[in-house]
Amino acid sequence: STASIGVTGLAVMGRNLARNFARNGYTVAVHNRTPARTRSLIEEFGHEGSFVPAEKPADFVAALERPRRLMIMVKAGGPTDAVIDEFVPLLDPGDIVIDGGNAHFEDTRRREAALREQGIHFVGTGVSGGEEGALHGPSIMPGGSVEAYAALGPMLEKISAHVDGEPCCTHIGSDGAGHFVKMVHNGIEYADMQLIAEAYDLLRRAAGRTPAQIADIFRRWNTGVLDSYLIEITAEILAHTDGETGKPFVDIVADAAEQKGTGRWTVQTALDVAAPVPGIAEAVFARSLSGHTELRAAARQLTGPQVPAAAGQDADRLVDQVEQALYASKIVSYAQGWNMIQAAAEQFGWDIDLGAVAKIWRGGCIIRAGFLGEIRSAYAADPALPTLLADERFSRQLGEAQDAWRAVVTTAVQGSIPTPGFSASLAYYDALRADRLPAALIQAQRDFFGAHTYQRVDREGTFHTEWSGDRSETLM
Ligand code: NDP
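Cut-off values and rules
Residues numbered from 1 in each chain as written. Predicted model: local features only at pLDDT ≥ 70, side-chain atom pairs only at ≥ 80, totals over all residues. Heavy atoms only, no water. Near = heavy atom within 4 Å. Polar contact = N/O pair within 3.5 Å; in protein donor to acceptor, adjacent residues only side chain to side chain. Areas by Shrake-Rupley, 256 points an atom, 1.4 Å probe, with all protein chains shown as cover. Helix = DSSP H or I, 4+ residues; strand = E, 2+ residues; numbered from the N terminus. Nonpolar A, V, L, I, M, F, W, Y, C, P; charged D, E, K, R; others polar. 1 Å grid on protein atoms, 1.4 Å probe; cavity = no way out; pocket = protein on both sides within 12 Å on 5 of 7 lines; lining within 4 Å. Points joined across faces, edges and corners; volume = space filled by probe spheres on them. Pairing = 2+ DSSP bridges. Axes fitted to C-alpha atoms, helices over the stretch in contact; angles between N-to-C directions. Contact = heavy atoms within 4.5 Å. Core = buried A, V, L, I, M, F, W, Y, C linked by side-chain atoms within 4.5 Å. Buried < 20%, exposed > 50% of the residue type's maximum accessible area, 1.4 Å probe, protein only. pLDDT = per-residue confidence, 0-100. Parallel < 35°, antiparallel > 145°, perpendicular 65-115°, else oblique. Left-handed = near helix turned anticlockwise from the far one by under 90°.

1. Quick word on the site of the ligand
Alright, step 1. Taken together, 19 residues lie around the ligand, and M13, N32, T34, R37 and V74 are the ones closest in.
Alright, step 2. One of the backbone nitrogen or oxygen atoms of M13 is found 2.9 Å away from an oxygen atom of the ligand.
Alright, step 3. Out of a free accessible area of 890 Å², the ligand has 79% covered by protein chains.
Alright, step 4. Counting residues per element, the ones that place at least two in the shell around the ligand are α1 (12–23) and α4 (78–87).
Alright, step 5. Taken together, the residues of the shell around the ligand sort by class into ten nonpolar, six polar and three charged.

2. Structural notes on the layout of surface pockets
Alright, step 1. Space inside the second largest pocket adds up to approximately 200 Å³.
Alright, step 2. Lining the second largest pocket, in full, are R436, A440, Q443, Y454, Q455, R456, V457 and E473.
Alright, step 3. Across the lining of the second largest pocket, the residue classes break down as three nonpolar, two polar and three charged.

3. Points about the sheet that holds strand β2 (residues 28–31)
Alright, step 1. Across the sheet, seven strands lie side by side as β3-β2-β1-β4-β5-β6-β7; this open sheet has mixed pairing. Each edge of the open sheet carries a strand with a single partner, namely β3 (51–53) and β7 (139–142). Strand-to-strand twist across the sheet, computed as the mean angle between neighbouring axes with direction ignored, equals 25°.
Alright, step 2. Two strands pair when backbone bridges link them, and strand β1 (residues 5–8) and strand β4 (residues 69–72) are joined in this way by three bridges, in the parallel orientation. Its bridge partner lying in β4, T8 is registered against I72.
Alright, step 3. Contacting β5 (96–99), β6 (121–128) and β7, helix α8 (residues 177–205) runs over the sheet at an angle of about 15° to β6.

4. Thoughts on the nonpolar core
Alright, step 1. Membership of the largest hydrophobic core comes to 91 residues, with the highest contact counts inside it found for F218, W221, W338, I352, W361 and I375.
Alright, step 2. Discounting chain neighbours no more than four positions away, the residues touching I352 are I172, A177, V181, I341, A345 and V357.
Alright, step 3. If you look at the next biggest cluster of nonpolar residues, it comprises 27 residues, including L10, M71, A148 and Y149.

5. So, the confidence of the model for the protein
Alright, step 1. Scored by pLDDT, the protein comes out at a mean of 97, with 99% of its residues at no less than 70.
Alright, step 2. Reported for the predicted complex are a pTM of 0.96 and an ipTM of 0.98.

6. Quick word on the packing of α8 against helix α15 (residues 315–348)
Alright, step 1. Taken N-terminus to C-terminus, the directions of α8 and α15 make an angle of 165°; their axes are 10 Å apart at the nearest point. Taken together, the axis directions place α8 and α15 in an arrangement best described as roughly antiparallel. Between α8 and α15 lies a crossing whose hand is right-handed.
Alright, step 2. Class assignment for the residues of the contact of α8 with α15 results in 20 nonpolar, three polar and two charged.

7. Some thoughts on the side chain of H31
Alright, step 1. Within the fold, H31 resides in strand β2.
Alright, step 2. For H31, the side chain forms a polar contact with the side chain of T8, separated by 2.8 Å.

Rendered as structure tokens:
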């Protein structure tokens, strides 16, 4: 047994992670259900490092140094369970099974508990960055035990992306914490993409800019506070012309966005852990809505405003305002994501360093951005920060951006440009900072029809009013 780690599942992700380990000097055992994949990896990339190919599970396991580190990179769900069931009987107590697939964190909790009973460590690990990240350095979010991390962490840190010499990998927390955090990463990614798409729509339809001009605007934004991978690739996409028609590429792509499901998981789970994430939810719903072509066709004849979107706009001014609205909405979406992680950490007993989460997302993953360094600083200054919006720097920036933000949402509404992300983020900002919310009226309504009771602002206790009787109040 000579291999420091084994990877089973050699589709794009597993293959590139195996190569990444090998390129970093580790001997890697490689296995795939269909052996042709293993053979092609060795044929094409065997020269890159030290690989031990195995066709039979027993040979694969035998190739691993102890404690064995066995990484599963197969299709999430049933296939992961099938592979666990196949390999675990071949392992010994103290061995470490790593699942780097996009597992639901509840599955990871279940698998971790089951393997723990057999003395085997199960490390559910979020891996972000797609196929390129897997090869050149992803952002890695391992859960599982501290003990398992001690034996595995240094290797994962080595193959992860690095920013300012720091690895984009840290032990997130026990059992499903890593996959949970990866899920929220994807939810934030949905929100970020939606906000960027809204900004593009406004620049095009309200500021009258062409895709090529918008590409230049995004390139400029990418040198400021919005500097990020997603802004960078958006500029490239907008500058691209379709080879066949000569039209802007963005105009020849069908406008029905798809989703693989992690955004939906984020929203479903947010409801379960009682974390309000409207920025992420609006992004998930916006994709869903775009795909409902039958609803859109049925509604196309509905009346819109008489005044065109661009009317009366100072376009240059609007461009600057959209930049500020985008940044403010982005702060809000990220704040919601972090609050969701905080809520789950409390519920599931995870000891998550919120600043470290920002640190490991600065490189390797899809939402990588300089901005994450600011989030890290915010939590370094106050690890118990109730919301990122309360951080001194972010609250000042929101204050500076808010007039522009309101103007942009107003322009969007008047010009019939749907901006659910911008609008929901602004509503969240205003709701959080409100002295009084109309939730008081909702409590009264609930008491009226369902005797659900209410609290008073001026006295302790739980009260109910006899709405159908003499309207006297009872202290419950
Ligand atoms: P796929 O999700 O397409 O899965 C294909 C791999 O799973 C193949 O190796 C296949 O083996 C194996 N597999 C499927 N069913 C079984 C089974 N019942 N038993 C054994 N092996 C099985 O591969 P990807 O590389 O795209 O992704 C791997 C994992 O990484 C997934 O969980 C994915 O969600 C996650 N991920 C993917 C990212 C991406 O950008 N693609 C990013 C981050 C995570 P065979 O060759 O024999 O069919």
